Amino acid sequence: LQQCQRRVQEHPDDLQARFDLGLLLASRGDYDDALDALVKIVEVDREFGQDHVREKMVQIFNIIGQQSDLANRYRARLSTALY
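Residues numbered from 1 in each chain as written. Predicted model: local features only at pLDDT ≥ 70, side-chain atom pairs only at ≥ 80, totals over all residues. Heavy atoms only, no water.

**Points about the overall build of the protein**
- Assigned secondary structure in the protein consists of five helices and zero strands.
- Shown N-terminal to C-terminal, the secondary structure of the protein runs as helices and strands in the order α-α-α-α-α.
- Relative to the globule expectation of 12 Å for 83 residues, the C-alpha radius of gyration of the protein, 12 Å, shows essentially globular dimensions.
- Overall, the C-alpha framework of the protein stretches about 35 × 30 × 15 Å when taken along its three principal axes.
- Within the protein, counting contacts between residues at least 6 apart in sequence, those at least 24 apart form 48% of the total. (Helix = DSSP H or I, 4+ residues; strand = E, 2+ residues; numbered from the N terminus. Rg over C-alpha atoms; globule rule 2.2 N^0.38 Å. Contact = heavy atoms within 4.5 Å.)

**Section: empty space enclosed by the protein**
- Scanning the model with the defined rule gives one cavity of 30 Å³ or more in all.
- Here the largest cavity defines a volume of roughly 40 Å³.
- Every residue along the wall of the largest cavity is listed here: Val 42, Asp 45, Arg 46, Glu 47, Phe 48, Asp 51, His 52, Val 53, Arg 54 and Leu 82.
- Residues of the lining of the largest cavity, tallied by class, amount to four nonpolar, one polar and five charged. (1 Å grid on protein atoms, 1.4 Å probe; cavity = no way out; pocket = protein on both sides within 12 Å on 5 of 7 lines; lining within 4 Å. Points joined across faces, edges and corners; volume = space filled by probe spheres on them. Nonpolar A, V, L, I, M, F, W, Y, C, P; charged D, E, K, R; others polar.)

Everything listed here is a matter of geometry and, on its own, says nothing about what the molecule does.
Written as structure tokens, this is what we have:
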């Protein structure tokens, strides 16, 4: 975790590093920070990962509940970034 966080801090424009951090955070159950890391990727480059980022976010929404406050907040940010 610390290594991924360091990579993002040292190279904030490295979207792959941010994606890796988001996946690691999600695997640890830190869904808020994971979604934040992932949505920031889409806000910078909505084409990154051939829609893979959006798919991962939707998977997290399914885990935390489609109608949870957290899912609703990040779904709105994702929608704004994509459209």
